[in-house]
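Residues per chain, in single letters:
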Amino acid sequence: MKKFKSQLLKQMIETCFEEKEAISEIDFLISVICKKDKKDFYLNPTLTISDKEKTIIKNLIKRRIDECLPVQYLVNKAYFMNEEFFVDKNVLIPRPETE
């Protein structure tokens, strides 16, 4: 898991993403695709990501880089005020600073 995240992080940083932003986006994608909260991976380091999930995440990162789409649009999800919302290119992504 750690090696996988490091590879994704390297790929994103090499394409002009700030490290903090890249880490946040990778964690978001992993939690959405694996249907587990970020804390689940920290509390249980033996949790793994299947090859299928890794492929999906890699493809989403590639689209994020190539198409400059926000990760929320890639997975059609955004969280705001502890609620999950459907988002796509026709909807503005809710931001925490507007809570």
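Residues numbered from 1 in each chain as written. Predicted model: local features only at pLDDT ≥ 70, side-chain atom pairs only at ≥ 80, totals over all residues. Heavy atoms only, no water.

### Remarks on the environment of V87
Right, so step 1: Considering the arrangement of structural elements, one finds V87 in the segment after β2 (83-85).
Right, so step 2: Note: C-alpha distance between V87 and K77 (ten residues apart in sequence) is 5.5 Å.
Right, so step 3: Other than its neighbours up to four places away in sequence, V87 contacts Q72, Y73, N76, K77, A78, L92 and P94. (Helix = DSSP H or I, 4+ residues; strand = E, 2+ residues; numbered from the N terminus. Contact = heavy atoms within 4.5 Å.)

### Section: the pattern of salt bridges
Right, so step 1: Scanning the model with the defined rule gives seven salt bridges in all.
Right, so step 2: Here K5 and D27 are joined by a salt bridge, their closest N and O atoms 2.6 Å apart. Placement of the pair is K5 in helix α1 (residues 2-14) and D27 in helix α2 (residues 19-34), with a sequence separation of 22 residues.
Right, so step 3: Here K62 and D66 are joined by a salt bridge, their closest N and O atoms 2.5 Å apart. Linking K62 with D66, this pair stays in helix α4 (residues 51-67), spanning four residues, or about one helical turn.
Right, so step 4: On the accessibility criterion, K62 (46% relative accessible area) is partly exposed.
Right, so step 5: Several salt bridges share partner residues, and in doing so they unite E21, E25 and R64 into one network. (Salt bridge = Lys/Arg side-chain N within 4 Å of Asp/Glu carboxyl O. Buried < 20%, exposed > 50% of the residue type's maximum accessible area, 1.4 Å probe, protein only.)

### Focus on α4
Right, so step 1: Over its 17 residues, α4 extends 24 Å from the first C-alpha to the last, a length consistent with the 24 Å expected when each residue adds 1.5 Å.
Right, so step 2: For α4, every residue scored as buried is listed here: E53, I57, L60, I61, R64 and I65. Buried residues of α4 fall within an arc of 135° about the axis and therefore sit on the same side. Residues of α4 that are exposed and angled more than 90 degrees away from the buried face: D51, K52 and D66.
Right, so step 3: If you follow the buried residues of α4, they end up packed against α1, α2 and α5 (71-75). (Expected span 1.5 Å × (residues − 1). Arc of directions from axis to C-beta.)

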